[in-house]
Amino acid sequence: MTGPDQPETQAEMRLNEAAMWRVRLAEVEAQSTLEFEAWCNDPLNAAAWARLNHIWAYLGEQAHEPELIAARQAALGHAKRVTARKTSPLWRRILVPAAAVLLLGLAGAGGYLWSQRPDDYKTVQGERRVIILADGSKISLDANSEVTVRYTKIARQLHLLQGQARFDVAHDVERPFSVVAGSQKVIATGTAFNIDMVNQKVLVTLIEGHVVVVDEDRHVAMPIFKPQWPSMVELKAGQQLAALPAVPPAIEVANIPRVTAWTNGQILFDNEELSSVVARVNRYTSTQVVIDDPRVAAMRISGVLNAGDLGGFVDIVTHYLPIRAIQNSSGEIMLQGQAKS
């Protein structure tokens with residue numbers, strides 16, 4: 001008679017068998033054998049093998065903890081030594097299951113790490129994406145951008161690795177919502193804000209609510225170096241913080257429609273440095289625009305264009321600024337200053 005816990009018992013048995021096969025294949029240094037293929041013909045066995053190998057691959061390829069990497073290597077090494085020692089059949093019946101138990105233990109540790117790893121969301125050039133998180137918070141991710149998300153019982157931790165994103169945060173006072181971008185950490189409980197990483201600059205624009213922005217580099221160093229400006233500031237709705245390495249942050253009144261225009265497929269720039277505009281234009285097109293002259297990079301321009309309209313951008317900058325556009329042998333469009341006549 002099958003008890004209520006029989007499915008779990010069967011699953012554990014098949015997972016043990018999968019671990020045994022991992023050891024046996026390691027013994028003979030083979031990817032497969034006829035006996036192993038026959039065992040895998042059972043779909044439940046194949047599922048157990050896939051489960052073990054999914055976690056095992058993560059443990060070997062993605063986990064960076066030295067102890068786990070060393071233990072993984074030790075487990076396979078132990079499995080190979082079972083054969084090399086020419087042990088008796090009795091000892092083999094003891095050592096092989098022991099190695100399998102070790103593998104299962106490692107898989108359990110790797111599975112815990114795998115379950116704790118952050119979710120990763122990214123877009124390619126020209127792609128925009130909206131992500132709805134488990135608590136109802138929303139991330140609008142700009143083109144060529146990447147963000148990771150890790151939710152725990154006490155915190156909502158995100159990391160904008162590159163590009164731009166708008167965060168509409170569901171209110172939860174017991175679980176602060178934080179986003180790290182460069183050295184800046186934005187902390188909120190329920191609000192809406194935009195973060196744009198352009199070259200070395202991080203722009204934090206508060207759309208509604210309030211947030212605290214912490215410069216983590218300076219916050220850590222503050223007790224030692226006593227910086228001349230605070231490592232933590234609070235933004236009000238409609239304000240924008242611009243942070244660059246080694247200089248005081250600048251807080252200005254933000255043009256919210258301009259900042260958020262990208263969510264509607266437009267790029268608006270108002271008296272903005274050309275290098276910054278180019279960095280945002282390049283998110284939407286495979287043909288990249290490059291500037292190798294600091295004087296050209298520092299020129300300022302205003303305008304509006306549709307995201308991905310590279311031809312329109314080139315027409316604007318060459319019409320209103322004393323520069324010319326040349327396509328090089330690599331297919332890039334180079335913006336160069338015009339020689340004075």
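Residues numbered from 1 in each chain as written. Predicted model: local features only at pLDDT ≥ 70, side-chain atom pairs only at ≥ 80, totals over all residues. Heavy atoms only, no water.

Within the protein chain, the regular secondary structure consists of ten helices and 19 strands. Split into buried and exposed, the 341 residues of the protein chain put 41% on the buried side. Total accessible area computed for the protein chain in this model is approximately 19,000 Å², and 54% of it derives from carbon and sulfur atoms. (Helix = DSSP H or I, 4+ residues; strand = E, 2+ residues; numbered from the N terminus. Buried < 20%, exposed > 50% of the residue type's maximum accessible area, 1.4 Å probe, protein only. Areas by Shrake-Rupley, 256 points an atom, 1.4 Å probe, with all protein chains shown as cover.)

Applying the stated criterion to the full structure yields four aromatic pairs. Three or more aromatic residues link up through ring pairs in this structure, and these residues are F36, W39 and W49. (Phe/Tyr/Trp six-rings, centres within 6.5 Å; stacked < 30°, edge-to-face > 60°.)

Moving on: the packing of helix 8 (residues 274–281) against helix 10 (residues 310–320). Running from N to C, helix 8 and helix 10 cross one another at 170°; their axes reach a closest spacing of 12 Å. Viewed along their axes, helix 8 and helix 10 adopt a mutual orientation that is roughly antiparallel. In this structure, helix 8 uses L274, V277, V278 and V281 to contact helix 10, whose residues at the interface are L310, F313 and V317. Considered class by class, the residues forming the contact of helix 8 with helix 10 number seven nonpolar, no polar and no charged. (Axes fitted to C-alpha atoms, helices over the stretch in contact; angles between N-to-C directions. Parallel < 35°, antiparallel > 145°, perpendicular 65-115°, else oblique. Contact = heavy atoms within 4.5 Å. Nonpolar A, V, L, I, M, F, W, Y, C, P; charged D, E, K, R; others polar.)

As a volume, the largest pocket reaches approximately 790 Å³. Residue assignment for the lining of the largest pocket shows that the elements contributing at least two residues are strand 9 (192–198), strand 10 (201–208), strand 13 (239–243), strand 14 (250–253), helix 7 (256–260), strand 15 (266–273) and helix 8. The residue inventory of the lining of the largest pocket, partitioned by class, reads 13 nonpolar, eleven polar and eleven charged. (1 Å grid on protein atoms, 1.4 Å probe; cavity = no way out; pocket = protein on both sides within 12 Å on 5 of 7 lines; lining within 4 Å. Points joined across faces, edges and corners; volume = space filled by probe spheres on them.)

Time to look at the environment of V179. Relative to the helices and strands, V179 is located in strand 7 (residues 177–181). Note on V179: relative accessible area 0%, which makes it buried. Those residues in contact with V179 that sit more than four places away from it in its chain are L158, L160, F167, Q184, K185, V186, F193 and I195.

Attention now moves to the side chain of S276. Mapped onto the elements of the fold, S276 is located in helix 8. Judged by its relative accessible area of 14%, S276 is buried. The residues touching S276, leaving out its near neighbours within four places in the chain, are V198 and N199.

Moving on, we get to the confidence of the model for the protein chain. Summary statistics for the protein chain give a mean pLDDT of 78 and a share of 70% for residues scoring 70 or more. Low pLDDT, under 50, characterises residues 90–97; the predicted model gives this stretch 13 contacts beyond four residues in sequence or across chains. When the criterion is pLDDT under 50, residues 219–226 qualifies, and its contacts beyond four places in sequence or with other chains add up to six contacts. (pLDDT = per-residue confidence, 0-100.)

In this section: the pattern of salt bridges. Opposite charge on two side chains permits pairing when their charged atoms draw close. Evaluated as defined, the whole model comprises ten salt bridges. With a closest N to O distance of 3.0 Å, R166 and D168 form a salt bridge. Notably, a salt bridge pairs R300 with E273, separated by 3.7 Å at the nearest N-O pair. Pair noted here: R300 is in strand 17 (residues 300–306) and E273 is in strand 15, with a separation of 27 residues, a long-range link. R300 sits in the partly exposed class, given a relative accessible area of 45%. (Salt bridge = Lys/Arg side-chain N within 4 Å of Asp/Glu carboxyl O.)

The next subject is the sheet that holds strand 8 (residues 184–188). Within the open sheet, the seven strands sit side by side as 1-4-5-7-8-11-12. Their pairing is mixed. Since the sheet does not close on itself, it has two edges, and those belong to strand 1 (119–122) and strand 12 (232–236), each with one partner. Within the sheet, the average angular offset between the axes of one strand and its neighbour, ignoring direction, is 20°. For strand 5 (residues 156–162) and strand 7, the ladder comprises four bridges, and the chain directions are parallel. Looking at strand 7, one finds that H159 is bridged to V180. (Pairing = 2+ DSSP bridges.)

Here we take up the nonpolar core. Counting 29 residues, the largest nonpolar core has I139, L158, L160, F167, F193 and I195 as its most contacted members. Beyond its immediate sequence surroundings of up to four residues, I195 is in contact with L160, G163, Q164, A165, F167, V179, A181, V186, V202, L203 and V204. Grouped together as the second largest cluster of nonpolar side chains are 22 residues, W262, I267, L310 and L321 included. (Core = buried A, V, L, I, M, F, W, Y, C linked by side-chain atoms within 4.5 Å.)

Bringing the sheet that holds strand 2 (residues 129–132) into the picture now. Two orientations exist for strands paired in a sheet by backbone hydrogen bonds: parallel and antiparallel. Strand order in the open sheet made by the seven strands is 2-3-6-9-10-13-14, with antiparallel pairing throughout. Each end of this open sheet is capped by a strand with a single partner; those strands are strand 2 and strand 14. Going across the sheet, the axis of each strand differs from the next one's by a mean of 15°, ignoring polarity. Pairing analysis gives five bridges linking strand 6 (residues 164–168) to strand 9, with the strands arranged antiparallel. Pairing of D168 across the sheet is with A192, part of strand 9.

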